[in-house]
Amino acid sequence: MNFEKVYETALSCGCKAEWDVPMRDYTTFKIGGNARLMITPCSDESLKKIVKACMSEGIRPMIIGNGSNMLISDKGLDTVVINMCRSDAGVRYLGDGVIECDAGVTLSKVCNFALEKELTGLEFAFGIPGSAGGAAYMNAGAYDGEMKMIVEEVRVLTQDGEILTLSNEELEFG
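Residues numbered from 1 in each chain as written. Predicted model: local features only at pLDDT ≥ 70, side-chain atom pairs only at ≥ 80, totals over all residues. Heavy atoms only, no water.

### Section: the packing of aromatic side chains
Between two aromatic rings, the relevant description is the distance of the centres plus the angle of the planes.
Working step 1: The full count for this structure, using the stated rule, is one aromatic pair.
Working step 2: Geometrically, the ring pair formed by Tyr7 and Trp19 is tilted, given 5.0 Å between the ring centres and 35° between the ring planes. Taken together, the positions of Tyr7 in helix H1 (residues 3-12) and Trp19 in strand E1 (residues 16-22) put the pair twelve residues apart, joining distant regions of the chain.
Working step 3: In this structure Tyr7 comes out as buried when scored by relative accessible area, which is 17%.
Working step 4: When its relative accessible area of 33% is taken as the criterion, Trp19 is described as partly exposed. (Phe/Tyr/Trp six-rings, centres within 6.5 Å; stacked < 30°, edge-to-face > 60°. Helix = DSSP H or I, 4+ residues; strand = E, 2+ residues; numbered from the N terminus. Buried < 20%, exposed > 50% of the residue type's maximum accessible area, 1.4 Å probe, protein only.)

### Quick look at the pattern of salt bridges
Working step 1: A full pass over the atoms with the stated rule returns eight salt bridges.
Working step 2: Among the ionic pairs, Arg155 bridges to Asp44, the shortest N-O distance being 2.1 Å. Of this pair, Arg155 sits in strand E9 (residues 153-157) while Asp44 sits in helix H2 (residues 44-56), and the two are 111 residues apart along the sequence.
Working step 3: Its relative accessible area of 53% is what places Arg155 among the exposed residues.
Working step 4: On the basis of relative accessibility, which here comes to 34%, the residue Asp44 falls in the partly exposed class. (Salt bridge = Lys/Arg side-chain N within 4 Å of Asp/Glu carboxyl O.)

### Things to note about helix H3 (residues 107-116)
Working step 1: Listed in full, the buried residues belonging to H3 are Leu107, Val110, Cys111, Phe113 and Ala114. Relative to the axis of H3, the buried residues are bounded by an arc of 160° and lie together on one face. Along H3, exposed side chains directed more than 90 degrees from the buried face belong to Leu115 and Glu116.
Working step 2: Contacts made by the buried residues of H3 are with strand E5 (91-95), strand E6 (98-101) and helix H4 (132-138).
Working step 3: Looking at the residues trailing H3, positive phi occurs at Glu118, about 60°. (Arc of directions from axis to C-beta. Contact = heavy atoms within 4.5 Å.)

Shown next as C-alpha cells:
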C-alpha cells in the first residue's frame, strides 16, 4: 500500500491532503487518534481520481461527513480518510420544490435553505447533526420523518470510480 501515491494524486488535483490528522477534530464526540492521511476532495472529478488511486494501491478509504455518529479509536485510522465537508459544499434550488445538495453540506444548512425557500418536508431533520450525505446513507430520521421520505435520488461513486444516479427505490432505504 503506497499512501504516498494517493497523497500525490490528491495534490495534483489541487486537493487538501494532510498526514497524521487528529480525528478528534472531525467528530462530534471529539475523540479518536490520528488518521494516517486525510484528503478533502475539491471536486467530483478529484474524488474519482482519489478513490481510484486508493483502490489501485489496495487502500480502502473511509469517507466521512460531519463526523456525527462516529466513534474513532484512540489508536487512530491506518487508512485514507476522505473528508466530504469542504468549504464550497453547497445547496441549490432546482425549482418545483426540489433541492440539490453536496454530500458534505450539514443537514442543518439544507434545512435552513429549505426554510428560506419556504419549502416543507425537512422539518423532522432540523436537529439531526451530520451531513446530507451521511443522513441519506443511514436514512436519518426523527419525529416520524426519515430521509427516505424526501430523497428522490442520489449520485454515488462506485469503488471503480463510476458515478451513478440511483432513485429512491434503487437505494432500498431501510
